[in-house]
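# Structural overview
Residues per chain are reported as follows:
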Amino acid sequence: MSLLDQLAETRIQKAQQEGAFDNLPDRGKPIELDDDSMIPETLRAGYRLLKNAGYLPPELQLQREMREVEDLLAQTQEAAERGDCDKRLRLLRARLAESGRGASRLLELGHYHDRLVERWEED
């Protein structure tokens, strides 16, 4: 263990003894890590950057919108509003089907990879 590691470990132990970590949010709960096992290792950093920047491929954006409309539909009582939600949901489903690219085929098609290469070549 290097001197820097020892110093860091000493400070962490001191902070633990002083209770610095006792009132952290979500204490005792498991950390939810993203499952990136299906993403090639060489692309994981790029995918993480895109995700953290809020970029979603169109197919996933459509699926997100569909879930939001489904949730709204489940909470709506008025017939007119339910009809609007139903129309929106059918439109979103048609767009997803029309794209021919569901989320399960995202990696197969290399959508992210192509976008990363394009951006990298532009810079």
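That block above? That's the structure.
One structure accompanies this document, and this report is about it.

So, how was this worked out
- Residues numbered from 1 in each chain as written.
- Predicted model: local features only at pLDDT ≥ 70, side-chain atom pairs only at ≥ 80, totals over all residues.
- Heavy atoms only, no water.
- Helix = DSSP H or I, 4+ residues; strand = E, 2+ residues; numbered from the N terminus.
- Expected span 1.5 Å × (residues − 1).
- Buried < 20%, exposed > 50% of the residue type's maximum accessible area, 1.4 Å probe, protein only.
- Arc of directions from axis to C-beta.
- Salt bridge = Lys/Arg side-chain N within 4 Å of Asp/Glu carboxyl O.

## Brief notes about helix 3 (residues 58–75)
End to end, helix 3 covers 26 Å across 18 residues, agreeing with the expected 26 Å (1.5 Å per residue, within 8%). Along helix 3, the residues that are buried comprise E59, L62, M66, V69 and L73. Buried residues of helix 3 fall within an arc of 85 degrees about the axis and therefore sit on the same side. For helix 3, the exposed residues lying more than 90 degrees away from the buried face are A74 and Q75.

## Description of the pattern of salt bridges
Evaluation of the coordinates by the stated rule reveals 4 salt bridges. Residue K29 pairs with D26 through a salt bridge whose shortest N-O separation is 3.6 Å. Note on K29: relative accessible area 56%, which makes it exposed. You can call D26 exposed: its relative accessible area is 53%. Between R90 and D86 there is a salt bridge, with its nearest N and O atoms 3.6 Å apart. Here R90 pairs with D86, and both are found in helix 4 (residues 79–99), just 4 residues apart, close to one helical turn. Exposure remark for R90: the relative accessible area of 48% places this residue in the partly exposed category.

Keep in mind these numbers describe shape, not what the thing actually does.
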